[in-house]
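What follows is each chain in one-letter form.
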Amino acid sequence: MNILEDNEDRYNKTMKYRKIRTQCFTISVGIILSYILYVILKINANKMSPIFAEYLNNKYILVFGQWFVAILLGNVLSYWYILSVYRPLLPDTKYAGYNYSTGRGNYTDDVDDYIEHSEVHFGKYWDAEKRRTKIEKIYKITSEIILVQLLISVILFFIIK
């Protein structure tokens, strides 16, 4: 009888903070890719120009450049995956007016309509619970990766001269 009332809140923290969860995932993937890129560049440093090889030892380029490369690579190469996990769960958009500076219409999430309806686990939401659990597991792991990388970056910044 109470199937709809027993469901988890549809607009929970997974949906409210989806931009944070998405960026945590993309930056974490980017961090891993930036380490791979750095190792490849370091191995081939003797084949590069001396100026470029010297940049690999600069602490500012090493620390801040790695974060820049991580954000860039992560968003380019992994954003599609986390979006594919989120896509069936996303609320529909509604027209929010025209932006004359960009020449486009603005669309926002229709959160009011999203909250009013229940997420019955059939049709487009057949695996919604699994997707939410997967997103939260990914977020837990990737947030730890980012915290560890932040600590490594701070230590490298103070150690490298």
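For the structure itself, look to the data block above.
What counts and what doesn't
- Each chain has its residues counted from 1, following the order in which its sequence is written.
- Only residues with pLDDT of at least 70 are given local features in this predicted model, and only at 80 or more are side-chain atom pairs given and counted; all residues enter the totals for whole chains, interfaces and linings.
- Working from all heavy atoms in the structure, the side-chain values ignore hydrogens and water.
- The way it works is that DSSP assigns letters per residue, a run of H or I at least four long becomes a helix, a run of E at least two long becomes a strand, and they are numbered from the N terminus.
- Residue burial is assigned from relative accessible area. The probe radius is 1.4 Å, only protein chains are included, and a residue is buried under 20% of its type maximum, exposed over 50%, and partly exposed in between.
- What makes two residues a contact is simply this: any of their non-hydrogen atoms within 4.5 Å.
- Only the protein chains shown count as cover for residues, and all accessible areas are computed by the Shrake-Rupley method using a 1.4 Å probe.
- In this analysis, the expected span of each helix is defined as 1.5 Å times one less than the number of residues it contains.
- A carboxyl oxygen of Asp or Glu within 4 Å of a side-chain nitrogen of Lys or Arg is what we treat as a salt bridge.
- Polar contacts here mean pairs of N or O atoms no more than 3.5 Å apart (in protein, one a potential hydrogen donor and the other a potential acceptor; neighbouring residues in sequence count only if both atoms are side-chain atoms).
- As used here, the term nonpolar core means buried Ala, Val, Leu, Ile, Met, Phe, Trp, Tyr and Cys residues forming a set that is joined through side-chain atoms within 4.5 Å.
- Here the term patch refers to residues with relative accessible area over 30% and no salt bridge, with like charges joined within 9 Å and nonpolar side chains (Val, Leu, Ile, Met, Phe, Trp, Tyr) within 5 Å.

Engineer: Before we move on, could you go through the overall build of the protein chain and cite the residues and values that matter?
Structural biologist: The number of helices and strands found in the protein chain is seven helices and two strands. Listing every helix and strand of the protein chain by position from the N terminus yields α-α-α-α-α-β-β-α-α. Among the 161 residues that make up the protein chain, the fraction classed as buried is 30%. Relative to all contacts within the protein chain whose residues are 6 or more apart in sequence, the contacts with residues 24 or more apart total 71%. Surface exposure of the protein chain reaches about 11200 Å², of which carbon and sulfur atoms provide 65%.

Engineer: Residues and numbers for helix α3 (residues 18-43), please.
Structural biologist: Structurally, the α-helix is built with 3.6 residues per turn, so residues lying three or four positions apart point the same way. For α3, built from 26 residues, the straight-helix expectation of 38 Å at 1.5 Å per residue is met to within 8% by its first-to-last C-alpha distance of 38 Å. What α3 keeps buried is the set Arg18, Arg21, Thr22, Cys24, Phe25, Thr26, Ile27, Ser28, Gly30, Ile31 and Ser34.

Engineer: Residue-level account of the pattern of salt bridges, with values.
Structural biologist: Taken as a whole and assessed by the stated rule, the structure comprises one salt bridge. In this structure, Arg21 and Glu136 form a salt bridge, with 2.8 Å as the shortest nitrogen-oxygen distance. Of this pair, Arg21 sits in helix α3 while Glu136 sits in helix α7 (residues 128-159), and the two are 115 residues apart along the sequence. Residue Glu136 is classed as partly exposed on the basis of its relative accessible area, which comes to 21%.

Engineer: Outline the environment of Ser78, listing residues and values.
Structural biologist: Position of Ser78 among the secondary structure elements: in helix α5 (residues 59-86). In the structure, Ser78 is positioned 53 residues away from Phe25 in sequence and 7.9 Å away in space, judged by C-alpha atoms. Of the polar contacts made by the side chain of Ser78, one reaches the backbone oxygen of Gly74; its length is 2.5 Å.

Engineer: Can you explain the nonpolar core? Please cite residues and give values.
Structural biologist: In terms of nonpolar packing, the biggest core is built from nine residues, these being Met15, Phe25, Ile82, Val85, Tyr86, Leu89, Ala128, Ile135 and Ile138. Contributing elements (two or more residues each) for this core: α5 and α7. Among all residues touching Ile82, those that are not within four sequence positions of it are Thr22, Phe25 and Ile138. Cys24, Ile27, Ile31 and Ile146 belong to the second-largest nonpolar core, a separate cluster that totals six residues.

Engineer: If you had to explain the side chain of Thr142 to someone new, which residues and values would you point to?
Structural biologist: As for its placement among the helices and strands, Thr142 is situated in helix α7. Once residues within four sequence positions are removed from consideration, Thr142 is found in contact with Cys24, Phe25 and Ser28.

Engineer: How would you explain a nonpolar patch on the surface if you had to name every residue and give the values?
Structural biologist: Together, Ile51, Phe52, Tyr55 and Ile61 make up a nonpolar patch on the protein surface, roughly 400 Å² of accessible area in all. Broken down by element, the nonpolar patch gets its largest block of residues, three residues, from helix α4 (residues 50-55). Tracing the backbone shows Ile61 in helix α5.

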